[in-house]
Amino acid sequence: MSQLVALWHSTGIYQISIPQAVMIFIGLFLLYLAVAKRFEPLLLIPIGFGGILSNIPGVDIAVGDGILAQFAGMGLDTGIFPLLVFMGIGAMTDFGPLLANPRTMLLGAAAQIGIFSTLLGALFMTQIGVFDFSLAQAAAIGIIGGADGPTAIYVSGVLAPELLGAIAVAAYSYMALVPLIQPPIMRALTTEEERRIRMRLPREVHQTEKILFPLVLLILVALIVPGAAPLLGMFCFGNLMKECRVVARLSDTAQNALINIATIFLGLSVGSKLIADEFLVGETLGILALGVVAFAIGTATGVLMAKLLNMFSERKINPLIGAAGVSAVPMAARVANKVGIESDPDNFLIMHAMGPNVAGVIGSTIAAGVLIQFAS
Amino acid sequence: MSQLVALWHSTGIYQISIPQAVMIFIGLFLLYLAVAKRFEPLLLIPIGFGGILSNIPGVDIAVGDGILAQFAGMGLDTGIFPLLVFMGIGAMTDFGPLLANPRTMLLGAAAQIGIFSTLLGALFMTQIGVFDFSLAQAAAIGIIGGADGPTAIYVSGVLAPELLGAIAVAAYSYMALVPLIQPPIMRALTTEEERRIRMRLPREVHQTEKILFPLVLLILVALIVPGAAPLLGMFCFGNLMKECRVVARLSDTAQNALINIATIFLGLSVGSKLIADEFLVGETLGILALGVVAFAIGTATGVLMAKLLNMFSERKINPLIGAAGVSAVPMAARVANKVGIESDPDNFLIMHAMGPNVAGVIGSTIAAGVLIQFAS
Amino acid sequence: MSQLVALWHSTGIYQISIPQAVMIFIGLFLLYLAVAKRFEPLLLIPIGFGGILSNIPGVDIAVGDGILAQFAGMGLDTGIFPLLVFMGIGAMTDFGPLLANPRTMLLGAAAQIGIFSTLLGALFMTQIGVFDFSLAQAAAIGIIGGADGPTAIYVSGVLAPELLGAIAVAAYSYMALVPLIQPPIMRALTTEEERRIRMRLPREVHQTEKILFPLVLLILVALIVPGAAPLLGMFCFGNLMKECRVVARLSDTAQNALINIATIFLGLSVGSKLIADEFLVGETLGILALGVVAFAIGTATGVLMAKLLNMFSERKINPLIGAAGVSAVPMAARVANKVGIESDPDNFLIMHAMGPNVAGVIGSTIAAGVLIQFAS
Amino acid sequence: MENLVSQGFELAIFGMGTVFVFLTLLILVTHGMSLLVQKYEPELPKTAAQTATQKVDRHLLAVITAAISEHRSKRD
Amino acid sequence: MENLVSQGFELAIFGMGTVFVFLTLLILVTHGMSLLVQKYEPELPKTAAQTATQKVDRHLLAVITAAISEHRSKRD
Amino acid sequence: MENLVSQGFELAIFGMGTVFVFLTLLILVTHGMSLLVQKYEPELPKTAAQTATQKVDRHLLAVITAAISEHRSKRD
Ligand code: NA
Ligand code: NA
Ligand code: NA
């Protein structure tokens, strides 16, 4: 009889707590968004599934010697998984459009205002007593505005590991929501005439320029913002492997097997941070609210910077591509293109938007470097 | 002169012990079985080769800082390698036949009686003084009857790491021997008429059912047998990646690069447990003897369960597919098909046998979960 | 104001030291050699890039918890990365030409004289006070003459980790320089008539011979030089996976995803040893000087051994293929072919040179085994 | 020792019980899930991409097979 | 607390400043690099291997596409 | 110091000795192994799968090559 009781006590039905059940539903909801709505499925499927596993009662999966805890210890707490993913993204990135029109880098810079405004917002809400965020936590929340998954995970791993789960979920969810968040802001800040601006075809770019660019970028980072060197270094390394064309097999592995393996492990590791006790706290709501503000501000400042540049230059920029400066590659560039087509069906902005789009990646890693150096 | 002596003393000829030589021959024999007889070569080649490396005298390979000891420490003692292999198998598994005819899950349940009978056998032999197994060791030996390599390795890693080498070798050898072990038992327990039973074509299965099934399975595991969640969780995760069709690149990597890498490391790690001192003990003979009994009982109970189900149902099941309930995917299903064809050359049972075959995988992970929860 | 100072102090421009700047230029130079001159790009690109990253001031990349320091700790200090690369090379190696003409193994033996002469040279220079190398360091330097990257890295990781960066750079640079270093030596030591010697077509080799060879080799290593077993064991394991043809998926992964991943990590890890303080020392010049001597002597002794064999045999060997005995697969074999064609445009030596070429790999791992056993 | 066998017996009973209870529940739940899916998604939808890929693959295979056999028949 | 917001303000100013300074410098350096490359490598050289591969790929694609459509038209 | 060079000399002698002894033994053992294999497996058997694959590959290559060159000649 006592054994039957022990058996009953071993079941999940007996042991499960309400918060664990809620988290399992949240995990299922993330999977639903990923599968049915195509919300960044590459990350949200492992994160959602990992989140479910982490909240199964009576068994150590995300804590102690559990498999997800081991994954997190191996590659999330150490930064290895996000850096490998970033290396792979580097190996998939084409800097050609940016090299053809380097001026658009300023759009990628402006969009980072979203990061710092959100940081201030988080601290302001702490001051008025709504939340209680430290400087490091506020910085980690701000980086959601960078619209760059691995960067957000890497930075929050360094600055605020206790918020990592919520920040990662917010970052990927909002990246998926870019087609909903951005267009109203873009339309509100531009005139019909501006949205019709046609840009000149970009010049062809030498392969040599493409090979030299990641090195130029790395050296400049080393000289100005060394704190961004781990992130941008791995990114540039991936890009150099791709562009130099003499290590095709390494570049191919970095773009396929290695980034896929790192993505699976990264996603599951992030999922291990969705333990009920850590996720179901008031701060998570604050993070979700501030994250969407960060995206909105970044979008607006990108568009406004384009308009500012147009005041000083003959070659007009279509301000819609400024919105692509938030990163969210390549979603934001596609959104710019789509909104442009609404005003002029023959005006394809996608190539022009790719420049600020990848500049946004550079911009947010620089911001990340500053935050890591001064907020930790 | 003394240097020449030192040189001589450094050779393997001088240092090798009889047990080491025996183990090297056993390693070569495993390689022979794998290469010439196609005995589960994916695992037996790394295991056999690792076994040879581990018994080379005068150099640390499977102990201390040796490379195989490091592999084992990294992924065998932690459970990572078998779980990754299991994830990959999940990504290769099609639950379609099972979903078309869920009733055949009971065949996969019945075949697990082999696991528990063997556990009892091991304890009985301990009681009569033939061997000296603890409850945990008996449970680890029983799991050989699960006919599922990664599950057997994972369970014995948790319950009886000192027996892991022998259990892994037994499990994979008997899985390879399924075409020899099963047919006589299947023929003995069925009539010619039963073996001729034709089953209805299974219905077509929605993709949505295939996507939901791993989640349904996971939630049920979480509620009933949380101890099985790490194993079944990784399996279901692999399966979800495959079926959801929005992360094809992750599914592809899980089925190829990642499972292959994990298999190489897992095999070599298991090989590192074939050190003479640990393998050449009386217990190994007991494990080998009990393992084959486990397979035989599982086969018999699977077949008998099918006959039992036929007593209560109009839609008759060909009892041969009950033997596929032991797992040993897809070998046991092929054996069921082959024995069926002997009686009726036009009766193809393979599709029907795949249902109990994958149900057997689920069944033995549930059994594994119970054993881990109550025998450790 | 003080914040502006802090910002300025955080820049690389403020913090960089001359040696760091020099090392960054050396890293860029290695990248130039790799990309523009095709110097062993698979390794020199990650090494060069890693070298740059390691010398960025003000951020921990190659030390402490830095990403490259972590990679090095994971797989370089433990020997895992070079052994995995070696396994992959084994899975790409065809022992067919060697099996068709086993006698040419002696050429691979003779070329290893370069290793031991260099060891003596290093000790002699220590005696005359030019450098200060220990026996272990001298042995690690000598192994550059093995012309085999992973072996050199593995041995120096065991015997002289403080010299690893310089030794790896020297080894790969000289392997790339084989087409410049070898031809003058080959021409000087052979007559025109010798260079015209045509060799008989090699016999066809059974697949069974190819399957058995890695096992025969492993057993012989186990009996004679167990110290070489980790290196040669992984090599033979890779080769067996390839030749046995029953684990094509594992062999494929060993030759692609796994070796590529290991190469990326190995290169970056070696790059982490190019920290200015450790690399910009007098010893590095000594290593570079001794390394080229090692290559030259190995080339010469290989050629001379071929001439010696011709004195005792009817079936003449073209002495040019003796130079391929240094390893540097397949570069040295191609060089032998090219020099041969200069004397007789219809005399293709490449197939004949592949035998000593792979024998050179075996020879230098045996030498490595002896050095590890007796010099550490 | 006696104790060990009885412990094992208990474990076997509970273990097999759990396996059967679990798989029986799984049959029921799976069945229910399938009914729901079939009710709300009566057709068998295949993703467009998948169908297209399969079609191309099958065609391509047919074309290549045909080309090879034609080539062989010419050669022989 | 007051202090925290002012710290954050400083960080935001310096942070955005660094981002803009960095990207402005990057524009200049990149521009210079591009000019140098265009000066010393006036043509747009593509590596032989790459061009060859692309050509083969394009041809192969064309051939296979043609074969498939021919096959389809026959079949229908 | 003298000592170090003499140690190195010993190591060199023993090391090269081991390398030569090892590879000489390997020649003998390999030769013996090859003789045994050739005695008991006189034909050169290739696994069925492999031969089939190679045949298909060679054919496929021939077919594709032919198709490409035909296509090119048409185009030019
Ligand atoms: Na960004
Ligand atoms: Na089973
Ligand atoms: Na060599």
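Heads up: the structure comes first, above all this text.
Residues numbered from 1 in each chain as written. Chains lettered and ligands numbered in written order. Predicted model: local features only at pLDDT ≥ 70, side-chain atom pairs only at ≥ 80, totals over all residues. Heavy atoms only, no water.

K.L.:
Before we go on, may I ask you to explain the environment of B:T365 in this structure?
P.N.:
Residues and elements named next belong to chain B. Secondary-structure assignment places T365 in helix α21 (residues 350-375). A sequence separation of 137 residues divides T365 from A228, and the C-alpha atoms of the two residues are 6.0 Å apart. Setting aside residues no more than four positions away along its own chain, T365 makes contact with F86, T151, A228, L231 and L232. There is a polar contact of 2.7 Å between the side chain of T365 and the backbone oxygen of I362. (Helix = DSSP H or I, 4+ residues; strand = E, 2+ residues; numbered from the N terminus. Contact = heavy atoms within 4.5 Å. Polar contact = N/O pair within 3.5 Å; in protein donor to acceptor, adjacent residues only side chain to side chain.)

K.L.:
What should I look at first to understand the packing of aromatic side chains in this one?
P.N.:
Where two aromatic rings form a pair, the distance of their centres and the angle of their planes describe that pair. Residues and elements named next belong to chain A. Scanning all chains against the criterion turns up 30 aromatic pairs over all chains. Measuring from ring centre to ring centre gives 4.6 Å for F71 and F265, while their planes differ by 40°; the resulting arrangement is tilted. Here F265 lies in helix α17 (residues 257-271) and F71 lies in helix α5 (residues 67-76), a separation of 194 residues in the sequence. Taken as a pair, F71 and F265 share a single burial class, namely buried. (Phe/Tyr/Trp six-rings, centres within 6.5 Å; stacked < 30°, edge-to-face > 60°. Buried < 20%, exposed > 50% of the residue type's maximum accessible area, 1.4 Å probe, protein only.)

K.L.:
Looking at this model, I keep getting lost on the coordination of the sodium ion (ligand 3). Mind explaining?
P.N.:
Four donors placed tetrahedrally about a metal ideally form angles of 109.5 degrees, and six donors placed octahedrally ideally form angles of 90 or 180 degrees. Residues and elements named next belong to chain C. Around the sodium ion (ligand 3), the protein supplies G146 (O), V326 (O), S327 (OG), G360 (O) and S364 (OG) as donor atoms, at distances of 2.1 to 2.8 Å. One chain supplies every donor for the sodium ion (ligand 3), spaced along it as G-x179-V-S-x32-G-x3-S. With V326 in the loop between α19 (282-311) and α20 (331-343) and G360 in helix α21 (residues 350-375), this residue pair connects regions lying 34 residues apart in the sequence. The exposure class of V326 is buried, given its relative accessible area of 1%. Its relative accessible area of 0% is what places G360 among the buried residues. (Donors = N, O, S within 2.8 Å, 3.2 Å for Na, K, Ca; no water.)

K.L.:
Before we go on, may I ask you to explain the coordination of the sodium ion (ligand 2) in this structure?
P.N.:
All names here are of chain B. Donor atoms from the polypeptide that bind the sodium ion (ligand 2) are G146 (O), V326 (O), S327 (OG), G360 (O) and S364 (OG), placed at 2.1 to 2.8 Å. Along the chain, the residues donating to the sodium ion (ligand 2) fall in the pattern G-x179-V-S-x32-G-x3-S. Assigned by exposure class, V326 and S327 land together as buried.

K.L.:
Got a minute to help me understand the pattern of salt bridges in this structure?
P.N.:
Inspection of every chain in the model, using the stated rule, returns 27 salt bridges over all chains. A:K273 is the partner of A:D77 in a salt bridge, and the nearest nitrogen-oxygen pair spans 3.7 Å. Of this pair, A:D77 sits in the loop between α5 and α6 (80-92) while A:K273 sits in the loop between α17 and α18 (276-279); the two residues are 196 residues apart in sequence, bridging distant segments of the chain. Of the residues examined, A:D77 reaches a relative accessible area of 52% and is grouped as exposed. Among the ionic pairs, B:E209 bridges to B:R203, the shortest N-O distance being 2.7 Å. Classification of B:E209 as buried rests on a relative accessible area of 0%. Within the structure, one salt-bridge network assembled from shared partners comprises A:E192, A:R195 and A:R196. (Salt bridge = Lys/Arg side-chain N within 4 Å of Asp/Glu carboxyl O.)

K.L.:
Help me understand the interface of chain B and chain D, please; the structure alone is not making it clear to me.
P.N.:
Reports often express the size of an interface as the amount of accessible area lost when the parts come together. Across the boundary between the two partners, chain B contributes 45 residues, which contact 35 residues of chain D. Carbon and sulfur atoms make up 82% of the area that chain B and chain D hide from each other, which totals about 3400 Å². Counting the surface chain B buries against chain D, the share from its top three residues, B:Q127, B:H206 and B:L220, is 17%. On inspection of chain B and its partner chain D, the count reaches zero salt bridges. Connecting chain B to chain D are two residue pairs in polar contact (both at pLDDT 80 or more). When residues of the side of chain B that touches chain D are traced back to their parent elements, those giving at least two are α8 (105-110), α9 (113-127), α14 (207-224) and α21 of chain B. The leading source of residues in the side of chain B that touches chain D is α14(B), at ten residues. (Buried area = accessible area lost by both parts, 1.4 Å probe.)

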